[in-house]
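# Remarks on the overall topology
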Amino acid sequence: MDFKKTIKVIPLIMGLLIIPISMRMIKIDIPFEVQLHWKGVSTEYDIFGYYRSILLIINAVVTAVILFFSFTSDTLIKIKKLKPVSIAFGILVLFSILSAFFGGNTVISLGGAPTRYEGLYTFIGYYFLFFYSMTLEYDDEIHHNIIMALSFFTVACSVVGFFQYIGKDLFLTPTGAMYYIPDSLKEYRDSMKTTAFSFSTMYIFNSHYNYSSFLMGILSSFWLMYTIVSAERFYKILSGIMTILSILMLLGTNGRSGVVALFITVVFMVVIFFDDIRKNKILSIGILAVLLIFIAVAVKLGMMSRITDLFADIKKIGKTSSQDDSYIRSQIPLKNISTTDNSYTIEYDTFTLKYDKSDSQFFDENNKAIEVTKPTQDRIVFNDSRYTDVAINITQRRSNTDLDKINTYHEVRIRGILYNFDITDKVTLVNHVGMPMYPEKATRMGFRGMEKLGSGRGFITASTIPLILKSPIIGYGPDSFLLVFNQDDIYTKMYVYGSPSELVDKPHNLYLLFAINFGLVGLIAFLFIFVYLLVKAKKRYKERSLSKEALFVASTAAVVAYMAGGLFNDSTSSVSPIFWVLLGVALSKIAIDED
C-alpha cells in the first residue's frame, strides 16, 4: 500500500479498532453544577469514556486535515449524488450545535456527562468518521484493510472476553492493569481486584456487559452477512471464523440486546436481499444450522440465562395499562413521604414516623410520642420495637443551595434505605447532595403497569417522553439526560430498582437519547439517513450480485443491528465509532447509482 492510501485508511482504522479497544484511567474534575445531579463528588477516575472522547477529537482533527488535502471534484459529485443524506446530515449537525449552546445545559453538553463523555465534541468526532467514510472511494485494498481491522478487533475482544468468562480477567492482572492505568496513578493497579460483574460474563472493553452484547450483535451481523455473500475464498474463511467468535461472545456477554439485534437484522436482511440469499441456498442453510447449534450449546451450558428474562418481559407488554400510582405504592414498603414547614412524615407498611421540629420529638401514626435515646450527640435510636429498623444520624454540612450556609440534616435509614431531610429552616425532603426533592411533581406518560419492563426501561421511557415534549425542537443538548431527568420519583424507583435513590443517568434507548439530545428534528434527520439507506439498498441489490458487494452489504447489516440494538441501548463511545464508520461505508456504495 502506498503512503497516500495508508494515510487515507487511518481514520477508518481509528474508528474500527483503535478507539474501541482504548482504555485509560484519567482523573477528572466534575463541575459543581454536575456534582449536584450526580454523586456529589468533585472528581472521578474514569477508564472507558473520557479517553475515547479525546481520541475521537484527535481523530476528527486528523480526518479534517486529510479531507482538506484529498477533497476533489469527485468528492463533491458524491456528496451531490447523496443530496438527501447530505441535507439530513447537515440538519443533524446543525441541531447538535444549536442544542449544545441553547439547550440550557452547556456545562455538560460540550464535554459530556461523567462516565459517558458523549458531549458535542464526541459527536463531532462521530460525524467526521461518518462523512469521511461516506465520501471515500473504496478499492479492494481499502476494502481488505477494513476487514482486517475488524478481524483484529474481533480477535482482541475474543481473547479478553474468554479470560473474563472463565473468571481470569486480564485487566485485573498486574500486566493488564498497566494497559489502562498510567504510572501517574499506579497506586490504583493493586486495588483493581474485582469487576462489577460475575463469573461467566464478558464485558470485554466496555463498562457494562449490555454494551458488549450491543457490540457483539453488530459484529455478528456484519460477519454473518459477509460470510454469506463474500466470493473471495480467504476472506470468506476468515469471516466465517470471525462469525463463530462474535456469536460466541454475543452469548458470553449474557446480555439480551445483542441477541435481539441479530434476530432483527436477519429478518431485515432476508427482506432486503431475499432473491440473492435464495440463490445461495446451501450456504444460507449451513449458516442457519450453525447458528442453531450455537444457540443449543449456549442453552445447554447456561450461557443465555438472561434471555429467558426477555421473554418474560415481552409477556408483560399490553397485559395491563390501567394501573395507577396507587398500585406501585401497594407493591413497596414505602407508602408516602410528606413534609410541612416544621415536620416530616414517613409512612411505611408497618409503621408511621413523624418528626416535629418545633419540639424536636418523634410521633407514631396516633400522634403518640416515641421514646428515643441518643448514644452519641449525632445519632438517634428508637426504643419502640416497631422502629428497630430505623436509625437517624444528625449531620451538619455546607448547603448546596446557599454555599455560605451550614445546614442541619436528618439522615433517616430504614431497612438499609436512606432518606434525607433538611431541617435547618423549612423542613424539606432532599437528595444525597442536599437538593430539594418533589416526588409529587414527577410525571410519566405511558407504560402503566410496565415500569419494570426491560430492567426498568419502561419507567425510564415513560419519564422521558414528557421531557421530550417540553423541548421538542432543539432538545437539551448532547449528554444532558443526567441533568434533565426527574430523579424525584422515589416510589417508582423503589418499585423498579428496590431503592428510591437509584441514579438514572441514561435513557437506555438510542432514539430517546437523540430526542433528548438534539430534539425531534435531530432525531428525524438521523432516522431519515437510516431509512434512506434501507430503501436504496433494496433497490440497488435487487439488480446486482451480492458477492461483489460483500463489504457494503455487511455494513448495511451492521447498521441495522445497531439501530435494532438501539431499542435497548443508547450511544456509547466504545460502540458508536464502528457504527458511524460502517454507516458511511454502506451509503458510499449507494452514491454510485444516484444521478
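Below or above, wherever it landed, is the structure these notes cover. Throughout, a residue's number is its position along its own chain's written sequence, starting from 1. Residue-level local features of this predicted model are given only where pLDDT is at least 70; pairs of side-chain atoms are given and counted only at 80 or more, and the full residue set underlies all totals for whole chains, interfaces and linings. Heavy atoms from the whole structure form the basis of all side-chain values; hydrogens and water molecules are not counted.

Below, the discussion takes up the overall build of the protein. Secondary structure is summarised from DSSP: a helix means a run of H or I of at least four residues, a strand means a run of E of at least two, and numbering begins at the N terminus for each. Regarding its fold elements, the protein presents 22 helices and twelve strands. Summary of the burial criterion: residues with accessible area below 20% of their type's maximum are buried, those above 50% are exposed, and those between are partly exposed, where the area comes from a 1.4 Å probe applied to protein chains only. Per-residue burial over the protein gives 55% buried out of 595 residues. Any two residues having at least one pair of non-hydrogen atoms within 4.5 Å are treated as being in contact. Sequence-distant contacts in the protein: of pairs separated by 6 or more residues, those separated by 24 or more amount to 69%. Accessible area of the protein: about 26000 Å², with a carbon and sulfur share of 62%. Using a 1.4 Å probe, the Shrake-Rupley method yields the accessible areas, and only the shown protein chains count as cover for residues.

Taken together, the three bridges between strand S7 (residues 372-376) and strand S8 (residues 379-382) define a ladder with antiparallel strand orientation. Bridge assignment links Thr373 to a residue of S8, and that residue is Val381. Count of turn residues in the S7/S8 antiparallel hairpin: two residues. We treat two strands as partners when DSSP finds at least two bridges between them.

Moving on to the packing of aromatic side chains. For this analysis, a ring pair means two rings from Phe, Tyr or Trp (six-membered ring only for Trp) whose centres lie within 6.5 Å, classed as stacked if their planes differ by under 30 degrees, edge-to-face if by over 60, and tilted for the remaining angles. By the definition in use, this model includes 42 aromatic pairs. Taking the centre distance of 4.9 Å and the plane angle of 40° together, the rings of Tyr45 and Tyr188 count as tilted. Placement of Tyr45 in strand S2 (residues 43-46) and of Tyr188 in the loop between helix H9 (174-180) and helix H10 (209-229) is noted, with a sequence separation of 143 residues between them. Residue classification places Tyr45 among the partly exposed positions, given a relative accessible area of 32%. By definition here, charges over rings are those cases where NZ of Lys or CZ of Arg is within 6 Å of the ring centre and within 35 degrees of the ring normal. Its end group placed over the ring of Tyr409, Arg397 keeps NZ or CZ at 4.0 Å from the ring centre. It is Lys452 that lies over the ring of Tyr495; its NZ or CZ is 4.6 Å from the centre.

Bringing the nonpolar core into the picture now. We call a set of buried Ala, Val, Leu, Ile, Met, Phe, Trp, Tyr and Cys residues a nonpolar core when their side-chain atoms join them within 4.5 Å. Within the largest apolar cluster, 149 residues are counted, with the highest numbers of intra-cluster contacts made by Phe222, Leu334, Tyr344, Val412, Tyr419, Trp580 and Leu587. Of the residues forming this core, the biggest block, 16 residues, is contributed by helix H20 (residues 510-541). If near-sequence neighbours (up to four positions away) are discounted, Trp580 is found in contact with Leu92, Tyr126, Tyr127, Leu129, Phe130, Ser133, Phe514 and Phe526. One finds Ile28, Ile30, Ala113 and Leu482 within the second-largest nonpolar core, a separate group that totals ten residues.

Strand pairing in a sheet relies on backbone hydrogen bonds, with the paired strands running either antiparallel or parallel. Strand order in the open sheet formed by six strands is S7-S8-S9-S10-S11-S12, and the pairing between neighbours is antiparallel. Each edge of the open sheet carries a strand with a single partner, namely S7 and strand S12 (428-430). Across this sheet, the average inter-strand angle for adjacent strands is 30°, counted without regard to direction. Between N-to-C directions, angles span 0 to 180 degrees; the directions come from axes that are lines fitted to C-alpha atoms, helices contributing only their stretch in contact.

This part is about the pattern of salt bridges. Salt bridges are counted wherever a side-chain nitrogen of Lys or Arg sits within 4 Å of a carboxyl oxygen of Asp or Glu. The final tally for this structure, using the stated rule, is 17 salt bridges. One salt bridge connects Arg397 with Glu411, and the closest N-O pair in it is separated by 3.4 Å. In this pair, Arg397 sits in strand S9 (residues 390-398) while Glu411 sits in strand S10 (residues 406-414), placing the two residues 14 residues apart along the sequence. Judged by its relative accessible area of 18%, Glu411 is buried. Here the salt bridges share partners, and the residues they tie into one network are Arg116, Glu118, Asp479 and Asp570.

This paragraph deals with the packing of helix H1 (residues 3-21) against helix H3 (residues 49-70). Helix-helix packing is described using two parameters, namely the angle between the two axes and the distance between the axes. At their nearest, the axes of H1 and H3 sit 10 Å apart, and the two run at 170° to each other. By the angle between their axes, H1 is roughly antiparallel relative to H3. Of the residues in H3, those touching H1 at Ile7, Ile10, Pro11, Met14, Ile19, Pro20 and Ile21 are Arg52, Leu55, Leu56, Asn59, Thr63 and Ile66. Charged means Asp, Glu, Lys or Arg here, nonpolar means Ala, Val, Leu, Ile, Met, Phe, Trp, Tyr, Cys or Pro, and polar covers whatever is left, Gly included. Along the lines of polarity and charge, the residues of the contact of H1 with H3 split into ten nonpolar, two polar and one charged. Note on angle classes: values under 35 degrees are labelled roughly parallel, values over 145 roughly antiparallel, values of 65 to 115 roughly perpendicular, and the remainder oblique.

Moving on, we come to a nonpolar patch on the surface. Patch membership needs two things, relative accessible area over 30% and no salt bridge, and members are linked within 9 Å if like-charged or within 5 Å if nonpolar (Val, Leu, Ile, Met, Phe, Trp, Tyr). A cluster of nonpolar side chains, Ile57, Val61, Val65, Phe68, Phe69, Tyr121 and Ile124, forms an exposed patch at the surface whose accessible area comes to about 720 Å². Elements supplying a minimum of two residues to the nonpolar patch: H3 and helix H7 (120-135). At five residues, H3 tops the list of elements feeding residues into the nonpolar patch. Residue placement: Phe69 occurs in helix H3.

Quick look at the pairing of S2 now. Side-chain alternation along S2 places Glu44 and Asp46 on a buried face and Thr43 and Tyr45 on a face that remains uncovered. Summarising the sheet, strand S1 (residues 26-29) and S2 pair through four bridges and their orientation is antiparallel. Residue pairing for S2: Ile26 is matched across the bridge by Asp46.

The next point concerns the sheet that holds strand S4 (residues 343-348). Strands sit in the order S3-S4-S5-S6 across an open sheet of four strands; the sheet is antiparallel. Two strands close off the open sheet at either side, each with one partner strand: strand S3 (334-339) and strand S6 (361-363). When strand polarity is set aside, the average angle formed by the axes of neighbouring strands in this sheet is 15°. Contacting S3 and S4, helix H19 (residues 490-497) runs over the sheet at an angle of about 155° to S3.

We now examine H10. A helix's residues, less one, multiplied by 1.5 Å, set its expected span. With 21 residues, H10 should cover 30 Å at 1.5 Å per step; its first-to-last C-alpha distance of 30 Å lies within 8% of that length. The element H10 is largely enclosed, with a buried count of 21 among its 21 residues.

Let's shift gears to the environment of Leu129. The topology assignment puts Leu129 in helix H7. What makes Leu129 buried here is its relative accessible area of 1%. When the C-alpha atoms of Leu129 and Ala60 are compared, they prove to be 7.3 Å apart, with 69 residues separating the residues in sequence. Excluding anything up to four places from it in sequence, Leu129 contacts Pro11, Gly15, Leu56, Asn59, Pro577, Trp580 and Val581.

Helix length check: helix H11 (residues 233-252) (20 residues) gives 29 Å between terminal C-alpha atoms against 28 Å at 1.5 Å per residue, within 8%. Looking one or two places after H11, you find Asn254, whose phi comes out positive at around 65°.

For the rest of this paragraph, the subject is the packing of helix H5 (residues 83-102) against H7. At their nearest, the axes of H5 and H7 sit 11 Å apart, and the two run at 170° to each other. Between H5 and H7, the angle falls in the class roughly antiparallel. Taking contact as the criterion, the partners of Val85, Phe89, Leu92, Val93, Ser96, Ile97, Ala100 and Phe101 in H5 are, on H7, Leu120, Tyr127, Phe130, Phe131 and Met134. Residue classes in the contact of H5 with H7 are distributed as twelve nonpolar, one polar and no charged.

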